[in-house]
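These are the residues of each chain, in order.
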Amino acid sequence: MAATTNASSDLNYITEFKGIKSWLTSLDHKRIGLLYMMAVLTYFLFGGIMALLLRLELFSPGANFLSADQYNQVMTYHGAVMVFMVIIPGIPAILGNFFLPIHIGAKDVAFPRLNLASWYIFMIGSILAVSTLFTSKIDTGWTFYTPYSLKTSTAVITMVFAAFIMGMSSILTGLNFIVTVHKLRAPGMTMHRIPLFVWALYSTAILQVLATPVLAITLLLLIAERAFGVGVFNPELGGDPVLFQHFFWFYSHPAVYIMILPAMGIVSELIAAFSRKVIFGYTAIAYSSIGIAAVSFFVWGHHMFVSGQSEIAGVLFSFLTMLVGVPTAIKMFNWLATLYKGSVSFQSPMLFALGFMFLFAIGGVTGIILAVMGVDVHFHDTYFVVAHFHYVMVGGTLMALMGGFYYWFPKMFGKMFNESLAQISFALIFIGFNVTFFPQFILGSMGMPRRYFDYIPAYHSLNSISTVGSWLIASGFFLSVYIFWQAFCHGAKAPANPWGAKTLEWQIPSPPIHTNFEVEPIIKAGPYEYR
Amino acid sequence: MFWTSVAHAGNMMPIPATDIAVEVDNLYNFLLISSFIACAILIGGMIYFVIKYKRKSNNDKTAYITHNSFLEFLWSFIPLVVFLGVFGWGWHVYHEMRKMPANALEIHVQGKQWAWEIEYKSGVKTANLIVVPIDTDVKLIMSSIDVLHSFFVPSFRIKQDVVPGRYTSLWFRANKFGEFHIFCAEFCGTQHSGMIGKLKVVTQKEYEEWLEEESKVGTLPLAKRGEKLFQVKACSGCHSASDLSVKVGPPLFQKFGASREVADGQNVVIDENYVRESILNPNAKIAKGFNPGIMPTFAGQLSEVELNALLEYIKGLK
Amino acid sequence: MSTGNTTHASHVAHHFRDSEHQFDSAKQGIWLFMATEILMFGGLFVAYIIFHAIYPEMFAEGASHLDWKMGFLNTLVLIFSSLTMALGIHFIQVGQQKKAVVSLALTILCGAIFMVVKYLEYTHKFHLGLFPGRFLNPEVVHATHQNLGMYFGLYFCMTGLHGTHVLIGMGLITWVMIKTIKGDFNPEYFTPVEGVGIFWHIVDLIWIFLFPLLYLVG
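Keep in mind it's a predicted model, so treat the numbers as computed, not measured.

(A) Geometry of the environment of C:Lys125. Residues and elements named next belong to chain C. Within the fold, Lys125 resides in helix α4 (residues 97–128). It is 9.6 Å that separates the C-alpha atoms of Lys125 and Phe152, two residues lying 27 residues apart in sequence. Residue contacts for Lys125: discarding those within four places in its chain leaves His65, Leu66, Leu130, Phe152, Tyr155 and Phe156.

(B) Up close: the sheet that holds strand β10 (residues 197–202) of chain B. Residue and element names in this part refer to chain B. With respect to topology, five strands assemble into an open sheet ordered β4-β10-β9-β6-β7, the strand pairing being mixed. Lying at the two open borders of the sheet, with one neighbouring strand each, are β4 (129–133) and β7 (158–162). Across the sheet, the mean angle separating the axes of adjacent strands is 20° when strand polarity is ignored. When strand β9 (residues 178–184) meets β10, the two strands line up antiparallel, connected through five bridges. Bridge pairing links Gly178 to Val201 in β10. Sitting on the sheet, helix α4 (residues 204–214) touches β4 and β10, and the angle it makes with β4 is about 135°.

(C) Examining the side chain of C:Gln22 more closely. Residues and elements named next belong to chain C. For Gln22, the position within the fold is in helix α1 (residues 19–54). Its relative accessible area of 12% is what places Gln22 among the buried residues. Apart from the residues within four sequence positions on either side, Gln22 is in contact with His11, Val12, Ala13, Phe16 and Tyr189.

(D) Geometry of the sheet that holds strand β1 (residues 105–112) of chain B. Residue and element names in this part refer to chain B. Reading across the sheet, the five strands line up as β3-β2-β1-β5-β8 and stay open at both edges, with mixed pairing between neighbours. In this open sheet, the two edge strands, each paired with only one partner strand, are β3 (125–127) and β8 (168–173). On average, adjacent strands in this sheet sit at an angle of 25° to one another, irrespective of strand direction. In the sheet, strand β5 (residues 137–144) pairs with β8 via six bridges, with the strands oriented antiparallel. Bridge pairing in β8 links Val138 to Phe172.

(E) Main features of the pattern of salt bridges. Per the counting criterion, the structure on display carries 23 salt bridges over all chains. One salt bridge connects A:Glu236 with A:Lys151, and the closest N-O pair in it is separated by 3.1 Å. Of this pair, A:Glu236 sits in the loop between α8 (196–228) and α9 (241–275) while A:Lys151 sits in helix α6 (residues 148–151), and the two are 85 residues apart along the sequence. The class for A:Glu236 is exposed, based on a relative accessible area of 59%. Classification of A:Lys151 as partly exposed rests on a relative accessible area of 39%. Between B:Lys205 and B:Glu209 there is a salt bridge whose closest N-O contact spans 3.0 Å. Of the two residues, B:Lys205 and B:Glu209 are both situated in helix α4; the distance of four residues between them amounts to about one turn of the helix.

(F) The arrangement of the packing of aromatic side chains in detail. Per the counting criterion, the structure on display carries 91 aromatic pairs over all chains. Taking the centre distance of 4.5 Å and the plane angle of 25° together, the rings of A:Phe99 and A:Trp408 count as stacked. Remark: A:Trp408 occurs in helix α14 (residues 383–413) and A:Phe99 occurs in helix α4 (residues 90–103); sequence separation between them is 309 residues. The same class applies to A:Phe99 as to A:Trp408, namely buried. On the basis of an interplanar angle of 55° and a centroid distance of 4.9 Å, the ring pair of B:Phe156 and B:Phe172 is categorised as tilted. Of this pair, B:Phe156 sits in the loop between β6 (149–153) and β7 while B:Phe172 sits in strand β8, placing them 16 residues apart in sequence. B:Phe172 carries the same exposure label as B:Phe156, and that label is buried. Between A:Arg31 and the ring centre of A:Trp23, over which it is positioned, the NZ or CZ distance is 4.1 Å.

(G) Spatial organisation of unusual backbone geometry. Residues and elements named next belong to chain A. Residue Pro147 is bonded to the preceding Thr146 through a cis peptide linkage, with omega at -5°. Here Pro147 lies in the loop between α5 (112–131) and α6. In this model, Ser510 is joined to Pro511 through a cis peptide bond whose omega is -10°. You can see Pro511 is positioned in the segment after α16 (460–490). The backbone of Lys341 shows a phi angle near 60°, a positive value even though the residue is not glycine. Note on placement: Lys341 falls in the loop between α11 (311–339) and α12 (348–371). Even without glycine at this site, Asn516 takes up a positive phi of about 70°.

(H) Geometry of the arrangement of the chains. Of all two pairs of chains in contact, the one with the most contacts involves chains A and B. Looking at chain B next to chain C, you find no contact at all, with the nearest C-alpha pair sitting 14 Å apart.

(I) Inspection of the interface of chain A and chain C at higher detail. Contacts between chain A and chain C engage 40 residues on the former and 32 residues on the latter. At the junction of chain A with chain C, the criterion picks out zero salt bridges. At the surface where chain A touches chain C, the tally comes to ten residue pairs in polar contact (both at pLDDT 80 or more). Within the residue set of the side of chain A that touches chain C, elements represented by two or more residues are α7 (156–183), α8 and α9 of chain A. Here the element with the most residues in the side of chain A that touches chain C is α8(A); it accounts for twelve residues. Taken together, the residues that form the side of chain A that touches chain C break down as 28 nonpolar, six polar and six charged.

(J) Up close: a nonpolar patch on the surface. Residues and elements named next belong to chain B. Taken together, Phe30, Phe73, Phe77, Ile78, Val81, Val82 and Trp89 make up a surface patch of nonpolar side chains, about 620 Å² in accessible area. A total of six residues in the nonpolar patch trace back to one element, the largest contributor, which is helix α3 (residues 69–98). Structurally, the position occupied by Phe73 is in helix α3. Here Phe73 falls in the partly exposed class, since its relative accessible area comes to 47%.

(K) Broad picture of the nonpolar core. Counting residues in each nonpolar core, the largest one holds 348 residues, and the members touching the most others are A:Leu95, A:Phe356, B:Ile130 and C:Tyr151. Sort the elements by how many residues they give to this core and α9(A) lands first, with 22 residues. Sequence-distant contacts of C:Tyr151, that is, excluding residues within four places in its chain, are made with C:Tyr48, C:Met58, C:Phe59, C:Gly62, C:Ala63, C:Leu66 and C:Leu214.

(L) Spatial organisation of the state of the cysteines. All names here are of chain B. Considering all chains together, one arrives at zero disulfides over all chains under this definition. Counting only cysteine sulfurs, Cys238 is the nearest neighbor of Cys235, a cysteine outside any disulfide, at a range of 8.7 Å. On the basis of relative accessibility, which here comes to 16%, the residue Cys235 falls in the buried class.

(M) The arrangement of the confidence of the model for chain B in detail. Residue and element names in this part refer to chain B. Within chain B, residue pLDDT values average 92, and 97% of them lie at 70 or more. β6 holds the highest mean pLDDT among the elements of chain B, 98, whereas helix α1 (residues 2–10) holds the lowest, 68. Two summary scores accompany this predicted model of the complex, namely pTM at 0.91 and ipTM at 0.93.

(N) Molecular detail of the interface of chain B and chain A. Contacts between chain B and chain A engage 75 residues on the former and 92 residues on the latter. Summing the contributions of chain B and of chain A, the shared interface buries around 7300 Å²; its carbon and sulfur component is 69%. Linking chain B to chain A there are zero salt bridges. Here chain B and chain A share 29 residue pairs in polar contact (both at pLDDT 80 or more) between them. Those elements giving two or more residues to the side of chain B that touches chain A turn out to be α2 (19–52), α3, β7 and β9 of chain B. Examining the composition of the side of chain B that touches chain A, we find that 16 residues originate from one element, α3(B), more than from any other. Grouping the amino acids of the side of chain B that touches chain A by side-chain chemistry returns 43 nonpolar, 20 polar and twelve charged.

Cut-offs and rules
Per chain, residues are indexed from 1 in the order of the written sequence. Throughout, the order in which chains and ligands are written sets their labels, letters from A for the former and numbers from 1 for the latter. This being a predicted model, a pLDDT of at least 70 is required before a residue's local features are given, and a value of 80 or more before pairs of side-chain atoms are given or counted; all residues contribute to the totals for chains, interfaces and linings. Just so you know, side-chain values use all the structure's heavy atoms and leave hydrogens and water out. Helix and strand assignments follow DSSP, with helices taken as H or I runs no shorter than four residues and strands as E runs no shorter than two, numbered in order from the N terminus. We call two residues in contact when some of their heavy atoms are within 4.5 Å. DSSP-based pairing: two strands are paired if at least 2 bridges between them are found. Axis lines are fitted through C-alpha atoms, for helices just across the contact stretch, and the angle between N-to-C directions can take any value from 0 to 180 degrees. Note on classification: 1.4 Å probe, protein chains only; a residue is buried when its accessible area is under 20% of the maximum for its type, exposed when over 50%, partly exposed between these limits. The rule for a salt bridge is simple: a side-chain nitrogen of Lys or Arg has to be within 4 Å of a carboxyl oxygen of Asp or Glu. What counts as a ring pair is set by centres within 6.5 Å for rings of Phe, Tyr and Trp (its six-membered ring), and what kind of pair is set by the plane angle: stacked under 30 degrees, edge-to-face over 60, tilted for all other angles. Charge over a ring is defined by NZ of Lys or CZ of Arg lying within 6 Å of the ring centre and within 35 degrees of the ring normal. A 3.5 Å cut-off defines polar contacts: any pair of N or O atoms within that distance qualifies, except that in protein one atom must be a possible hydrogen donor and the other a possible acceptor, and neighbouring residues in sequence count only when both atoms are side-chain atoms. Side-chain classes follow a simple rule in which Ala, Val, Leu, Ile, Met, Phe, Trp, Tyr, Cys and Pro form the nonpolar group, Asp, Glu, Lys and Arg form the charged group, and the remainder, Gly included, forms the polar group. Residues forming no salt bridge and having over 30% relative accessible area are the ones grouped into patches, like charges within 9 Å of each other and nonpolar side chains (Val, Leu, Ile, Met, Phe, Trp, Tyr) within 5 Å. For accessible areas, the Shrake-Rupley method is used with a probe of radius 1.4 Å. Any residue's cover is judged against the shown protein chains and nothing else. What is meant by a nonpolar core is a set of buried Ala, Val, Leu, Ile, Met, Phe, Trp, Tyr and Cys residues, joined one to another through side-chain atoms within 4.5 Å. Cysteine sulfur atoms that come within 2.5 Å of each other are treated as a disulfide pair. Known as pLDDT, the predictor's confidence for each residue is given on a scale from 0 to 100. Buried area: the sum, over both parts, of the accessible surface (1.4 Å probe) that disappears when the two are put together.

The following block contains the structure:
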């Protein structure tokens, strides 16, 4: 597949091969990244609309425009779409695909055909998931707890099978990235010279490969339970519904680290680049990613303190969760220390990184609060948990994703965007986010349970405020869509290195050529040698 | 204790109504304060640094600091110590919650879609209402007859999933009079948010009087007894008895004697036999426009007398 | 088809230095995939072990319906097929295409025998009314334990998932065999054959754990 490129032509990975077919059959990791981007952003729009509908219904108590069943369906699709079709694939499949090979000085990932196959598998699974909207909308919550998921007469099997297929895509992407990092680093690119984004993707890939198979078997067992009544999760047949929770969270807890580790990788890149300073504690940040990945396998029961599991099990899970908090704290302090005596710019990518640090600090400490058993009893299944995970997944991952998009947009498309508008978008998203979700910590403290279609009047005003916040976030995202669209069509030509950063992607043209590098780079130093 | 009072004022929790709630709140207040300090350091530090080290020119030189073993040790070790500390404290509180007291007043709770059925050992049954005496150890023995639910009393800071096929328990000792919400905290379908109950804490005397009143149900006239059953069996959760609104199932108000179209297109008269069949075999002649498989059957749960009582009650809904 | 070891050999992709670099990477990828297969089946094993511990007598009753001789036959068939698969790879590595094709064909045949034995076992069970889960009527099969359906639910899930992998493996070996006949593989390039071989060995390995767990331990 070696395509010859004319070194002095203006051809880049976008212009060199033309036509839809060239995109749909491309083995170029950059194009595949963009294929994922089109899909994921579409699903993000859908999941976001579900969120807006949900919050609109919750603006005031009582049935407003949805019935209880419709609300439960909207709530389920919001969760399932955002988890399986946006946040889990998101950063690795889009930005990871695009930049991992470039960051290590390679021409592509280890298995380009497998990479394209992974996208097709993702598309098949995600379209199957969406098809349930037209057959029998599911209403189980994205966690599919038994026995309810065995009894509800909705398209559970289809949706669960769709998640199984998307899990295959995740496994293959992880596998591809691991071999790429092991085998395709350019000469001189030792493991201690790869950018921290690569360490993050690498740790994530390990989780994708080791944890997703357990989700696969859990979903297959759920299908078998519904189709044949095997009995493992159904108490009427001698089974245990809590066993489903154990199986489910064994994957789904590592899954949340699949969601956050790549985001932390982006934050490392942004903080270093926009402070123009060597990252503080490179080794600690690198190994903390591996540490988080490893410990994440042993904490799943912190979702189950009141499920009926034994006290001693809870004790172990709570203890181990505290351990996983330490490497996370290390990262935050190391980023803070990187700012010290740096040269800090407030360009929009950096605003998103700083926003991440602000919101993830809150998300992180509330995670520790929830890991404390005696306190979790009150907060479990309340809006406190909803607030916590939105702070880390939206305030964390999505902020980092936005920062990554703004940072790498000039490189990916060769155009600059409107910086002032980008800062406004950031402000809308950041402020809107806090207005939406901070009240939810209070609602949870007051006792409002989650997945509630209706609520007692005491919770009214905070719910209304939260809904207004959702409109602010939405406008911030729509503004970003406009900014990118406008930049793509009419933006000024981007130089190779608009930000003055040091990682390898900034040493090649914007956009890159098909094979990334005209000559294989030889690495003589680390990725953050700002001196 | 200034800081704990600040935390207490700001923690937005309901007024604690049990001894364990106070312990939970103390721990939570500590967590709030520590979290605030951590965030102040991180976020405050971040804001301070980005302002102080704001970029001045495109040629700024930055310090080349790759690491600092002492600092890195410090901000690993101190968080670890704090985390392990709150872990231990949290375990202590949790252990208090799980250690069932001896000689507690035991009450049975059955979660179902979508109500809490309560049964006292004396035989008194209620739906969505638990009455207990103050300053008394109470232990709830709980199960579910269908899907997962979770019994949650925010004011008491207690919660426990109810699982079909097994018993789970929780205990509390209320130290304030009042009425407190019971919520279902595990998603269980359509009326998950409608499974709201009331936990009333009264004096020992009031409790005994209430129990006495309730146990007289057997001597009530049939229709009154039917009215009670209608509440206890949570029929009211899905069927309106006072107006023509649709909750989950069709209203029963002013329906007895009327004619109705059922799913297969036939017309039936809502008479004694239709009412009885609808209770024991709900899917047989479902009202048109409603789905089968939602109303559970009450076969085996109601005696003949109870069926008659319900029938008389429904007849009298005018 | 090139037999040279240069970086421009047609089968070497442009992002690899040479044939060996590509081969090593492919093997690493294949082993990672095998790890995911083992983890997936591992979940099933965990479910089996948990319920075996809760209902030991019911599991014993279920296992009494399994014919260990047929299971043992299948074990021998699969082990033999792993041998023929390894031989197939070996013959390609030393350039003996014809013998390689025969070995691969034998492997597919073994897979087919395995599936036929499986078919016989399944149909026999269906004949006796031993269906998975709620389709098993305890009265019809004169079961002592009312939830015997759970045993057979697990039995059919585990052997069914394994059987699916045997079928997939047969398909992959057929594909590789056809390419061998066409001359696509040679001592310089045989990565897909080795990859399929590793897959087949893992499928065999999983059966080696399934057989005693289902047929012997009960």
